[in-house]
Amino acid sequence: MEAAKSRIPFSLLLLLQLLLISSDVFICETLAEGVTPEEAKQLRDEVRGMFYHAFDGYMDHAFPRDELKPLTCEGEDTLGGYALTLIDSLDTLALLGDRGRFITSVEWIGKNLRFDINKTVSLFETTIRILGGLLSAHLIASDYATGMRVPSYEDELLNLAEDLARRLLPAFDTPTGIPTGLPFFAQFLDNINNKMDYITSTAGGGTLTLEFGVLSRLTNDPIFEQVTKNAVRGIWARRSGINLVGAHIDVFTGEWTQKDAGIGTSIDSFYEYLLKAYLLFGDEEYLFIFQEAYGAAMHYLYNDPWYVEVNMNSAALVWPLFNSLQAFWPGLQVLAGDIDPAIRTHTAFFSVWKRYGFTPEGFNLATLNVQHGQKSYPLRPELMESTYWLYKATRDPRYLDAGRDMVTSLQYGAKCTCGYCHISDVEFHKQEDHMESFFLAETVKYLWLLFDLASGPDNLVENGPYKYIFSTEGHLLPATPQISLVSEHCSYFGAYCRSANLKQESHSLDISKDSLESNDSRFHTALGPTSFLSHSSFQKSNSGSGLIKGLCPGLTHRQKFGISYRASTGTTTPEAELSSKRETTVPLMAYKQIVEKIEGSDQQPTGFNLWFGINSDAGLGAQ
């Protein structure tokens, strides 16, 4: 396996090292005196003004269309005509403490938004922007503890979210369980058009668990969480023998159509939601998959401090490219407790920002220039996100300086008549007449949180009643008892063993030990022990059939959760053959099997059984 890593030419490694050195020069030459607490307050207020310049521009000139064209002060429908920017902005309004506009917006959406139209939509974008925005706002508007309770609110946003998700469910009706990326909305669920895109990205199929999982827990309907978890299993079951996943997959055949592995475009949030689903739901299966996936990424993709793209099977170098979506990674590493590489990588990524004033969509690490055809900056938030998390973890003032530079660039380079413009060419700062909704949902949100944290935080995230997980769209998802249910998860985890001699005792789960039993034994072990929720003991109890719920001695983590190596083709690899000898693969469930299992269950919908359709007579995933 080490030979795979050595395929990266020495000349490229030298260039990478030179760029790292130059990045230090960029930063050292341009950092002014550190941001003072008073300046942090001024910057916080300036970012607040940036939000309202863009939000008011949208409401005055584009609402109720999806997004604002900030140069011509017009609106455009980019996702479906659902007042997208307003929905995406709801929890930012709450975070800023704007009770009046939050209430007005929630009430308007509850009365006017409908999804009974015929339209092809993006499953990924609709989920993270609209479904996530509705759920986050519902959780704020319905809870007195947030300080933003809407007096007239009667779960209108939750009802809309459920209606929306049910219209998206047919996308999961594929042989692999991996959803198609472009489902077709219909006025009635039994009138679904067959117009579907058979190829989806790994991120598109694997970045749905938070929103759908939260919806299941709020509606007491397990179908949403189960189909998205099944999709993650479907992707992970088709990983390569070195635990890498490709960029695009055929959802009907399970064949990879693009085998480039990386942490950026088309894959990025797959990694993100593995860890965040564990943090929010306490589901250790996600943690186990994340540990193996993260270990492989750090082994095969990481060329300190940069990340490259390689072939998912051979680890041969494909692209020595930094793309702007990679910039979320240091923030994810903070959540995972792997701070040192996060610091180095952020320094490198920020050096690109310093060089151009923005991060281009692609920066070639071999030529040290903007990648041809990837010169734009569409107001992406990922670098701001990582800057916020690194400051929160380290309190290093360099991240306040970085945030100040980002604000300056946006104010002088992207601000336009009615909002903030895309930059079509970072080398010449040419503006383009478009403003994505995520500018209000994420970009200014993370900048505001950064400077508010430095000023003495006074906001829902830092001082509110709950710990919050940010979705990949920056939406606030609270770890409430109803959503997290960590203790109930721990009570029901494990395999089901047919044995009358097993003692009724608790067994603690040793994640680090199990994680070593992976296809790639060189697991990256820098995950901090304080980063994850503590591992509770698993309680066993007798069932009517004589089965004992709990952990069977001697099982690997994959056997406990039914995850084992499966090749995506009919060929047998050495890893697959070894895996089949030592483990029993639990088959993945098709969409219709999930529905039939839930509808045919006689169980009451409570606890962990509700979420995954587990009954007392069968192991996890049994059919």
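Details of the structure are given in the entry above.
Residues numbered from 1 in each chain as written. Predicted model: local features only at pLDDT ≥ 70, side-chain atom pairs only at ≥ 80, totals over all residues. Heavy atoms only, no water.

Considering the overall build of the chain
The condition is simple: Numbering of helices and strands starts at the N terminus; helices are DSSP runs of H or I of at least 4 residues and strands are runs of E of at least 2. Buried, partly exposed and exposed residues are distinguished by accessible area as a fraction of the type maximum, computed with a 1.4 Å probe on protein chains only: under 20%, between the cut-offs, and over 50%, respectively. The contact criterion used is simple: two residues touch if any of their non-hydrogen atoms lie within 4.5 Å. The protein chains shown are the only cover counted for residues, whose accessible areas, like all others here, come from Shrake-Rupley with a 1.4 Å probe.
Regarding its fold elements, the chain presents 25 helices and 21 strands. Relative to its 623 residues, the chain shows a buried fraction of 61%. For the chain, long-range pairs separated by at least 24 residues make up 74% of all intrachain contacts whose partners lie at least 6 apart in sequence. Carbon and sulfur atoms form 49% of the exposed surface of the chain, whose accessible area is close to 22800 Å².

Considerations on the sheet that holds strand β11 (residues 309-311)
Pairing between sheet strands relies on hydrogen bonds along the backbone, with the strands arranged either parallel or antiparallel. For the record, the criterion: A pair of strands counts as paired when DSSP detects no fewer than two bridges linking them.
If you walk across this open sheet you meet the 3 strands as β8-β11-β12, and the pairing is antiparallel. The strands lining the two open edges of the sheet, one partner per strand, are β8 (260-261) and β12 (317-319). The sheet contact formed by β8 and β11 spans 2 bridges and is antiparallel. Residue pairing for β11: A261 is matched across the bridge by V310.

Concerning the pattern of salt bridges
Two side chains of opposite charge can pair, provided their charged atoms sit close to one another. What counts is decided by this rule: By definition, a salt bridge exists where a carboxyl oxygen of Asp or Glu is found within 4 Å of a side-chain nitrogen of Lys or Arg.
A full pass over the atoms with the stated rule returns 26 salt bridges. E473 is the partner of R129 in a salt bridge, and the nearest nitrogen-oxygen pair spans 3.9 Å. Of this pair, R129 sits in helix α6 (residues 123-141) while E473 sits in the loop between β18 (468-470) and β19 (476-478), placing them 344 residues apart in sequence. Just as R129 is buried, E473 falls in that class too. Put simply, E67, E125, R129, E436 and E473 are held in one network by salt bridges that share partners.

Quick look at the nonpolar core
Rules: By convention a nonpolar core is built from buried Ala, Val, Leu, Ile, Met, Phe, Trp, Tyr and Cys residues, the set being connected through side-chain atoms within 4.5 Å.
Counting 169 residues, the largest nonpolar core has F102, L134, W329, L410 and F439 as its most contacted members. Take this core: its biggest share by element is 11 residues, from helix α17 (residues 438-455).

Observations concerning the environment of A141
Here A141 shows up in helix α6. When the C-alpha positions of A141 and D155 are compared, they lie 8.7 Å apart, and in sequence the two are 14 residues distant. Once you skip the residues sitting within four places of it in the chain, A141 turns out to touch F102, V106, M148, R149, V150 and Y153.

So, the packing of helix α10 (residues 223-236) against helix α12 (residues 284-300)
The test is simple: An axis is simply a line fitted to the C-alpha atoms; with a helix, the fit covers only the stretch in contact. Between two such axes, the angle follows the N-to-C directions and lies from 0 to 180 degrees. Each angle gets one of four labels, with under 35 degrees taken as roughly parallel, over 145 as roughly antiparallel, 65 to 115 as roughly perpendicular, and the rest as oblique. Should the near helix be turned anticlockwise from the far one by less than a right angle, the crossing is termed left-handed; should it be turned clockwise, right-handed. Under the convention adopted here, Pro, Cys and the residues Ala, Val, Leu, Ile, Met, Phe, Trp and Tyr are nonpolar, Asp, Glu, Lys and Arg are charged, and Gly plus all remaining residues are polar.
Running from amino to carboxyl end, α10 crosses α12 at an angle of 30°, the nearest separation of the two axes being 12 Å. Regarding the angle of α10 to α12, the classification is roughly parallel. Handedness of the α10/α12 crossing: left-handed. Residues K229, V232, R233 and W236 of α10 form the contact with α12, whose participating residues are E285, Y286, I289, E292 and A293. In the contact of α10 with α12, the residues fall into 5 nonpolar, no polar and 4 charged.

Focus: the sheet that holds strand β14 (residues 362-364)
Pairing within the open sheet is antiparallel, and its 3 strands lie in the order β13-β14-β15. Whereas interior strands pair on both sides, the edge strands pair on one side only; in this sheet they are β13 (321-323) and β15 (369-370). Direction of pairing for β13 relative to β14: antiparallel, over a ladder of 3 bridges. Bridge pairing in β14 links L321 to N364.

Description of the packing of aromatic side chains
Applied cut-off: Aromatic pairing here means that ring centres of Phe, Tyr or Trp (its six-membered ring) are within 6.5 Å. Orientation follows from the plane angle: under 30 degrees is stacked, over 60 is edge-to-face, and everything else is tilted. Think of it as a cone above the ring: NZ of Lys or CZ of Arg counts as a charge over the ring if it is within 6 Å of the ring centre and within 35 degrees of the ring normal.
By the definition in use, this model includes 29 aromatic pairs. Pairing F63 with W108 gives two aromatic rings, centres 4.7 Å apart and planes at 65°, and the pair type is edge-to-face. Separated by 45 residues along the polypeptide, F63 in the loop between α3 (37-61) and β1 (67-69) and W108 in helix α5 (residues 99-112) bring together distant segments of the chain. Ring centres of W353 and F358 lie 5.5 Å apart, and the angle between their planes is 65°; this geometry places the pair in the edge-to-face category. Across the pair, exposure class does not vary: W353 and F358 are buried alike. A network of ring pairs unites the aromatic residues F270, Y271, F290, Y294, Y302, Y307, F328 and W329 as a single cluster. Here R149 stacks its cationic end above the ring of Y144, 5.1 Å away from the centre of that ring. In this structure, R395 packs its charged tip against the face of Y391, placed 5.7 Å from the ring centre.

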